[in-house]
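The lines below spell out each chain.
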Amino acid sequence: MPKKGLLERLAERPVVGDGSQCMTLEKRGYCRAGPWTPEAVLLYPDAVRQLLREYLRAGADVIQTPCFYSSDGKLERTNASSFTAEAINEAACKMAREVANEGDAIVCGSLSPVQAYVNSEGTEATRKEFERQLDVFLKYDVDFVLAEFFGHVEEIELCIDVMKTAKKPIAATLRIGPLGDKNGVSVEDCAIRMAKAGADLVGINCLYDFDTCLKTLKRMKTALDKEGLKPYLMCQPLGWRCPEVENEFDGYLTLPEAPLCLEPRTATRVEVHKFARAAYELGTRYIGGCCGMEPHHIRAIAQELAPERKKNPPVNDMCPPLGEMLNLSAFSQIQEKSSKDYWYSVVPGSGRPFNPALSKPVSN
């Protein structure tokens, strides 16, 4: 039977996205910290393929092509010009489809911001960079296209307009918090403009944690409802807790620990369960993850929303939710923790009583 497409799935149930790619690959030794470009799909394909398989097993309905920041301008600027965006994107498309076909997942072709816009080279040059990114996704017939990690609604509007030529479902996410985009466009206007530009899904990704994302999503939904616009709401948040950067345009990037010492801020799987439930109840229907959201986090989303999705993730054969097998432990103090009530009552510690990131204000 043919797989259902994105919009068919969303009409029936929430959709679970995959999670961090470049950041997780860097931790595993397969991506350059700083540039965050995805040449590993050519250099270390088995490592990338393994990560995608882990997301599929965790319960992801969608496998994104692992080619974030793969545009010729970005590769040239970050000393990776020996690779072409076309070669990386082709390998990423083939790999994503291969893994998606191992289960019931569909493939998302992901477009990222381009140097032509950053360099103020004009609308035509910006559109051409987006067209080059899109061409390979058309060649390999991805199931839908996504514009993600955009800081300016003006740029994502151009990207959406280019993506409409694909005649596929369109998702669009900005890297914004309560302050709106980097030109000062409000959260509300950003949501409305993405929807009016033609996006079937609108939302946010990266830079901010669960609590900040929920606040931003609520404002987006209120504005969309007021305008009578009905795109699906989408969120792919950070997997770290960083409430103090809520009113920073660059979010977690302003933290002293970013990007190499963020592990103590990692969200627990229980916090992800709680976030997934809150996001769903707010009206979000596509929930995945961005930087810091790893396979066990995506598992928590899939497990939390299993009743609404009417299926359990494959990983449940070994890892049922919230410690259901802990009663089989040889240690009595672990056996006592085999309940949802226990884990929902835990306040996790970091093991670091003095947090330098909280001892002084975050600077712009």
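Not measured: the values here are computed from a predicted model.

1. Details of the nonpolar core
And then number 1: Within the largest apolar cluster, 105 residues are counted, with the highest numbers of intra-cluster contacts made by Ile-156, Ile-160, Met-194, Tyr-252 and Ile-301.
And then number 2: Considering each element in turn, this core owes the most residues, 9 residues, to helix H6 (residues 85-100).
And then number 3: Counting residues in each nonpolar core, the second largest holds 12 residues, with Leu-6, Ile-106, Leu-146 and Tyr-286 among its members.

2. Section: the side chain of Thr-212
And then number 1: With respect to the secondary-structure elements, Thr-212 resides in helix H11 (residues 210-227).
And then number 2: Residue class for Thr-212 comes out buried when judged on its relative accessible area of 1%.
And then number 3: Discounting residues that sit within four places of it in the chain, Thr-212 has contacts with Pro-178 and Glu-246.

3. Notes on the environment of Thr-78
And then number 1: Here Thr-78 shows up in the loop between helix H5 (72-77) and H6.
And then number 2: According to the relative accessible area criterion, Thr-78 is buried, its value standing at 8%.
And then number 3: Apart from residues no more than four positions distant in its own chain, Thr-78 is found in contact with Arg-32, Pro-35 and Thr-37.

4. Focus: the packing of aromatic side chains
And then number 1: Under the definition given, this model contains 7 aromatic pairs.
And then number 2: When the ring centre of Tyr-344 is taken as reference, the NZ or CZ atom of Lys-274 above it lies at 5.1 Å.
And then number 3: The ring centre of Tyr-344 lies 5.0 Å from the NZ or CZ of Lys-340, which sits over that ring.

5. Observations regarding the UniProt feature "domain: Hcy-binding" (unreviewed entry) in the protein
And then number 1: As recorded in UniProt, the feature "domain: Hcy-binding" (unreviewed entry) lies at residues 3-305.
And then number 2: The span residues 3-305 carries 46% helix and 12% strand; its end-to-end C-alpha distance comes to 20 Å.

6. Quick look at unusual backbone geometry
And then number 1: Looking along the chain, the bond that leaves Ala-258 and enters Pro-259 is cis, with omega of 0°.
And then number 2: As for its placement among the helices and strands, Pro-259 is situated in the loop between strand S7 (232-236) and helix H12 (269-282).
And then number 3: Here Asp-141, not a glycine, exhibits a phi torsion of approximately 50°, which is positive.
And then number 4: Of note, Asp-141 is situated in the loop between helix H8 (123-139) and strand S4 (144-150).
And then number 5: Classification of Asp-141 as partly exposed rests on a relative accessible area of 46%.
And then number 6: Of note in the backbone geometry, Leu-322 takes a positive phi value of approximately 50° without being a glycine.
And then number 7: Residue placement: Leu-322 occurs in the loop between helix H14 (306-309) and helix H15 (332-335).
And then number 8: The exposure class assigned to Leu-322 is buried, which follows from its relative accessible area of 13%.

7. Considering the sheet that holds S7
And then number 1: Read from one edge to the other, the open sheet built from 8 strands follows the order S1-S8-S7-S6-S5-S4-S3-S2, with strand pairing classed as parallel. The open sheet terminates on both sides in strands that have one partner only, identified here as strand S1 (15-16) and strand S2 (62-64).
And then number 2: Inspection of the sheet shows S7 paired to strand S8 (residues 284-287) by 3 bridges, in the parallel sense. Each bridged residue has a counterpart across the sheet, and for Leu-233 the counterpart in S8 is Thr-284.
And then number 3: In this fold helix H10 (residues 187-197) packs onto strand S5 (170-174) and strand S6 (201-205), with an angle of close to 140° to the strand it touches most, S6.

8. Here we look at H6
And then number 1: For H6, built from 16 residues, the straight-helix expectation of 22 Å at 1.5 Å per residue is met to within 8% by its first-to-last C-alpha distance of 22 Å.
And then number 2: Of all the residues in H6, the buried ones are Ala-85, Ile-88, Asn-89, Glu-90, Ala-91, Ala-92, Cys-93, Met-95, Ala-96, Val-99 and Ala-100.
And then number 3: Elements in contact with the buried residues of H6: helix H3 (40-43), helix H4 (45-58), S2, H5, strand S3 (106-111) and H8.

9. A closer look at the layout of surface pockets
And then number 1: If you add up the space inside the largest pocket, you get close to 690 Å³.
And then number 2: What lines the largest pocket is a set of 36 residues, among which Trp-36, Phe-68, Tyr-69, Phe-149 and Cys-206 lie closest to the centre.
And then number 3: Contributing elements (two or more residues each) for the lining of the largest pocket: helix H2 (22-28), H5, helix H7 (115-118) and S4.
And then number 4: Of the residues contributing to the lining of the largest pocket, the split by class is 16 nonpolar, 14 polar and 6 charged.

10. Some words on empty space enclosed by the protein
And then number 1: A full pass over the atoms with the stated rule returns 1 cavity of 30 Å³ or more.
And then number 2: Its volume calculated, the largest cavity comes out at about 40 Å³.

11. Examining a negative patch on the surface
And then number 1: Residues Glu-86, Glu-124, Glu-131 and Asp-135 make up a contiguous surface patch of negative charge.
And then number 2: Given the relative accessible area of 48%, Asp-135 is considered partly exposed.

Criteria and thresholds
Residues numbered from 1 in each chain as written. Predicted model: local features only at pLDDT ≥ 70, side-chain atom pairs only at ≥ 80, totals over all residues. Heavy atoms only, no water. Core = buried A, V, L, I, M, F, W, Y, C linked by side-chain atoms within 4.5 Å. Buried < 20%, exposed > 50% of the residue type's maximum accessible area, 1.4 Å probe, protein only. Helix = DSSP H or I, 4+ residues; strand = E, 2+ residues; numbered from the N terminus. Contact = heavy atoms within 4.5 Å. Phe/Tyr/Trp six-rings, centres within 6.5 Å; stacked < 30°, edge-to-face > 60°. Lys NZ or Arg CZ within 6 Å of the ring centre and 35° of its normal. UniProt positions renumbered as here; feature names shortened; annotations may be inferred. Pairing = 2+ DSSP bridges. Axes fitted to C-alpha atoms, helices over the stretch in contact; angles between N-to-C directions. Expected span 1.5 Å × (residues − 1). 1 Å grid on protein atoms, 1.4 Å probe; cavity = no way out; pocket = protein on both sides within 12 Å on 5 of 7 lines; lining within 4 Å. Points joined across faces, edges and corners; volume = space filled by probe spheres on them. Nonpolar A, V, L, I, M, F, W, Y, C, P; charged D, E, K, R; others polar. Patch = residues over 30% accessible without salt bridge, like charges linked within 9 Å, V, L, I, M, F, W, Y side chains within 5 Å. Areas by Shrake-Rupley, 256 points an atom, 1.4 Å probe, with all protein chains shown as cover. Salt bridge = Lys/Arg side-chain N within 4 Å of Asp/Glu carboxyl O. Lys, Arg positive; Asp, Glu negative; His and termini not counted. Charge placed at Lys NZ, Arg CZ, Asp CG, Glu CD.

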